[in-house]
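A look at the structure
Now for the letters of each chain:
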Amino acid sequence: MPDLHRNAFVMDGHTHVMSRELVLKTDIGQRYPDGTVDLPRAKEGGLDAMFFSVYTPENYYPGRFETKNTFRVVNLALDQIKKNHAMIELALTASDIERINKKGKMAAFLDLEGGYDLHGDLDLLRALYKLGLRSMQLTAHSTTNAFIDACNDVYTWGGINDHGKAVVKEMNDLGMVINVAHASNDAIIQSVAASRHPVIYSHGGFYKIVDHPRCISDEAAKAIAAKGGVIGVHFGSLFNNPKYWAWQKANNPIRVQPDPQPKTPRILTSQVTTQTIKEVDKEFARELPFTYNGTIPDEYWMHVDQLAKVIDYGVRLVGEDHIALGSDLDGGPELPREIKDISDYPQITIALQKLGYTDQRIKKILGLNWLRVIRQVTEGK
């Protein structure tokens, strides 16, 4: 591990945690034989803090179990953090992160991915804040909900609607980080405009490099940066490697379906009442852990130097103060050859050093940019 990496503050903007712990009854404090994230390997990778991305996926929406699952998974995250207090503690602010790190521990900053409530009930949002949630994606993962368009679902609102703006205002008032990953281009730009605080895009690539709908446009990236926000670069080939995307494109099921006429989002037009949440859990368990298990021919397999080039594209586009890392580890990315799991995080630092980046620029990308935004939003500084 380079000394720079060892001595730097390192924070990942998007690691999947708690899904397997919830349905497989495992413990993130134990070293897993599979997957890409656990606390022992995170420590080996030099991680000081993580956006602990608690996930409520599409499996739970048809039966309208999204709220129940969100509270289950947030409670479990708090229990797992407490259980592993020798290694990790919950952080509510940037100052908390620094205090926890001084003890030699990692900090967990809770971020919700997926619908906490498809209608966006503000009372439920306040309750989650009181539990310790300090960051949240506005979309219901890849699904358009009752207040914001997802980038790869039907476009119902032309971005965000009035209730979406109310959710943004409530998060501003509470001091919660607004995360626009998975939102449509218009929704990102409108959310940034509506917010008093900087906004983050926790994990993705750049549309100019890979024209996947999940990748951010230059226009949206510049809007985020202009407000002081940060863009987290995803670690997967799908969003960063044009050769891999060209190979995969024909088989990719994602098709944006724009519709200029507001209507009820399709996820809310019907409800499945035949399944219990335990039955959904069993179905979901078959997908875990979220790791890419396919075979990639050598010519399509991304190396970490390509990931560094994508980071460099972002730096050239919006500046070194607005680019960070959002790996999506244990979220299924097709990782670079040199990165098998979170313990290989120093490979990023090595790749950035090879680009000739200064130590200070690398430190910003490794974590200081995330820390700055968290401080601005949660402490008003």
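Residues numbered from 1 in each chain as written. Predicted model: local features only at pLDDT ≥ 70, side-chain atom pairs only at ≥ 80, totals over all residues. Heavy atoms only, no water.

The secondary structure content of the protein amounts to 15 helices and eleven strands. In the protein, buried positions account for 61% of the 381 residues. Long-range contacts, defined here as pairs at least 24 residues apart, represent 75% of the contacts in the protein between residues at least 6 apart. The averaged location of the 47 negative side-chain charges in the protein is 3 Å from the averaged location of its 44 positive side-chain charges. (Helix = DSSP H or I, 4+ residues; strand = E, 2+ residues; numbered from the N terminus. Buried < 20%, exposed > 50% of the residue type's maximum accessible area, 1.4 Å probe, protein only. Contact = heavy atoms within 4.5 Å. Lys, Arg positive; Asp, Glu negative; His and termini not counted. Charge placed at Lys NZ, Arg CZ, Asp CG, Glu CD.)

What follows concerns empty space enclosed by the protein. With the rule as written, the count across this model stands at one cavity of 30 Å³ or more. In this structure, the largest cavity encloses a volume near 50 Å³. In terms of lining, the largest cavity is formed by H16, V17, M18, S19, R20, E21, L288, P289, F290 and D330. No other element matches helix α2 (residues 19–24), which puts three residues into the lining of the largest cavity. (1 Å grid on protein atoms, 1.4 Å probe; cavity = no way out; pocket = protein on both sides within 12 Å on 5 of 7 lines; lining within 4 Å. Points joined across faces, edges and corners; volume = space filled by probe spheres on them.)

On to the packing of helix α6 (residues 122–131) against helix α7 (residues 162–174). When two helices pack together, you describe them by how their axes are tilted relative to each other and by the distance separating the axes. Between α6 and α7, the least distance of the axes is 11 Å, while the angle of their chain directions is 25 degrees. Between α6 and α7, the interaxial angle falls into the category roughly parallel. In this structure, the crossing between α6 and α7 has a hand that is right-handed. Contact residues: α6 offers L122, L125, R126 and Y129, while α7 offers H163, A166, V167, E170, M171 and L174. In the contact of α6 with α7, the residues fall into seven nonpolar, one polar and two charged. (Axes fitted to C-alpha atoms, helices over the stretch in contact; angles between N-to-C directions. Parallel < 35°, antiparallel > 145°, perpendicular 65-115°, else oblique. Left-handed = near helix turned anticlockwise from the far one by under 90°. Nonpolar A, V, L, I, M, F, W, Y, C, P; charged D, E, K, R; others polar.)

To continue, consider the environment of Y61. The residue Y61 is located in the loop between β2 (49–56) and α4 (66–83) in this model. As for Y61 and Q271, which are separated by 210 residues in sequence, their C-alpha atoms are 8.4 Å apart.

The biggest cluster of nonpolar side chains holds 89 residues, and the ones touching the most others in it are F52, M136 and L138. Among the elements that make up this core, the one with the highest residue count is helix α13 (residues 304–318) (eight residues). Of all hydrophobic cores here, the second largest spans 19 residues; its members include F9, A49, F51 and I200. (Core = buried A, V, L, I, M, F, W, Y, C linked by side-chain atoms within 4.5 Å.)

Geometric values such as these leave the question of function open.
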